[in-house]
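Remarks on the overall topology
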Amino acid sequence: MISTARMGLLAVALTVGAPMAASAAKAPTYILNGYSFGPIPGVNTALLETKLTHKAGDRITSADVAADSAIIAKELAARHVHGRLFTSLAEKHGHVWVIMDVLDPGHPNTHLGKPAGHLKSQSFEGASHISAGDLAAATGLKQGDQLWPEKIRAAEKAIVAAYAKSAPGKAITLKARMQTKANGEVTLTWIVGEPK
């Protein structure tokens, strides 16, 4: 498994709701180093990896990562694996590892992954309908908190719920970008695609 302390940037792709219209800016392209899977009891992850269309050395975008994540989610459902698939990118100098973990919501005290570190600060890009202060309060994350995948997921749900209350029936897109320092301090940036 990759040490997050050695990675300059850990980008967690969390997509919620319908995707926003394509923007004029071109999506960043990365070179795929490979895939890494967290523990999935009873599942041969090497076999799962053979189902993916992208291989080490391929150029990929976040859309390709989302497509790969959908393939794995379908394969896990076919194997009756319960929980939520959490997909993240570990990027360094344009090369990425795609990391996939399954979180079991039925066992909130079981941490299948490792914490990304402890929160130094969080900010919100693209959020204009709800203030950054209100969104920060909604996440429940405080400076110094350990960022377990479950906490990040709960914060994600809270942001989506705040928007659902503010603009009922309109979906947002949401991504979290985490910059992790060697000492474990994480700067968390929520990237919000608000409905038009």
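Anything mentioned here points back to the structure above.
Values in this document were obtained by computation on a predicted structure and should not be read as measured data. (Residues numbered from 1 in each chain as written. Predicted model: local features only at pLDDT ≥ 70, side-chain atom pairs only at ≥ 80, totals over all residues. Heavy atoms only, no water.)

Bringing the overall build of the protein chain into the picture now. What the protein chain contains, in helices and strands, is four helices and eight strands. Along the protein chain, helices (α) and strands (β) appear in the sequence β-β-α-β-α-β-β-β-α-α-β-β when read from the amino end. Relative to its full complement of 196 residues, the protein chain shows a buried share of 38%. Counting only contacts in the protein chain whose residues sit at least 6 apart along the sequence, the fraction spanning at least 24 positions is 67%. Working note: accessible area of the protein chain is about 10,500 Å², and carbon and sulfur atoms make up 57% of it. (Helix = DSSP H or I, 4+ residues; strand = E, 2+ residues; numbered from the N terminus. Buried < 20%, exposed > 50% of the residue type's maximum accessible area, 1.4 Å probe, protein only. Contact = heavy atoms within 4.5 Å. Areas by Shrake-Rupley, 256 points an atom, 1.4 Å probe, with all protein chains shown as cover.)

Moving on: the environment of W97. Mapped onto the elements of the fold, W97 is located in strand β5 (residues 95-103). Its relative accessible area of 28% is what places W97 among the partly exposed residues. W97 sits 65 residues away from L32 along the chain, and the two C-alpha atoms are 6.2 Å apart.

Core analysis: the biggest nonpolar cluster contains 21 residues, and L141, L147, I159, Y163, M178, L188 and W190 have the highest contact counts within it. At the level of elements, β6 (118-125), α4 (149-166), β7 (173-180) and β8 (185-193) are the ones that each hand at least two residues to this core. Counting residues in hydrophobic clusters, the runner-up holds 17 residues, among them F37, L48, I60 and M100. (Core = buried A, V, L, I, M, F, W, Y, C linked by side-chain atoms within 4.5 Å.)

Further remarks concern the pairing of strand β4 (residues 84-92). Judged by how many residues are buried, β4 sits mostly within the fold: seven of nine residues are covered. Alignment of β4 against β5, held across nine bridges, turns out to be antiparallel. Paired with K92 across the two strands is H95, which belongs to β5. With antiparallel pairing between neighbouring strands as the criterion, β4 and β5 make up a hairpin whose turn holds two residues, including H93 at a positive phi of roughly 55°. (Pairing = 2+ DSSP bridges.)

Next up on the list: the packing of helix α3 (residues 132-139) against α4. As a packed pair, α3 and α4 sit with axes 8 Å apart at the nearest point and diverge in direction by 130°. Classified by the angle between their axes, α3 and α4 sit oblique to one another. Relative to α4, the crossing made by α3 is right-handed. Across the interface between the two elements, L135, A138 and T139 of α3 pack against A155, A158, I159, A162 and Y163 of α4. Here the contact of α3 with α4 is composed, by residue class, of seven nonpolar, one polar and no charged. (Axes fitted to C-alpha atoms, helices over the stretch in contact; angles between N-to-C directions. Parallel < 35°, antiparallel > 145°, perpendicular 65-115°, else oblique. Left-handed = near helix turned anticlockwise from the far one by under 90°. Nonpolar A, V, L, I, M, F, W, Y, C, P; charged D, E, K, R; others polar.)

Over its 18 residues, α4 extends 26 Å from the first C-alpha to the last, a length consistent with the 26 Å expected when each residue adds 1.5 Å. Among the residues of α4, P149, E150, I152, R153, A155, E156, I159 and Y163 are the ones counted as buried. If you follow the buried residues of α4, they end up packed against β4, β5, β6, α3, β7 and β8. (Expected span 1.5 Å × (residues − 1).)

A few words on the pattern of salt bridges. Following the criterion strictly, the structure yields three salt bridges and no others. Between E75 and R79 there is a salt bridge, and its shortest N-O distance comes to 2.7 Å. A relative accessible area of 30% means that R79 is categorised as partly exposed. Across the pair K151 and D145 runs a salt bridge whose closest N-O atoms are separated by 3.9 Å. Overall, D145 belongs to the buried group, its relative accessible area being 19%. (Salt bridge = Lys/Arg side-chain N within 4 Å of Asp/Glu carboxyl O.)

Further remarks concern the environment of A127. Mapped onto the elements, A127 comes out in the loop between β6 and α3. Take A127: its relative accessible area is 24%, and that puts it in the partly exposed class. Along the backbone, A127 and W190 are 63 residues apart, and their C-alpha atoms lie at a distance of 8.9 Å. Discounting chain neighbours no more than four positions away, the residues touching A127 are L135, Y163, V192 and E194.

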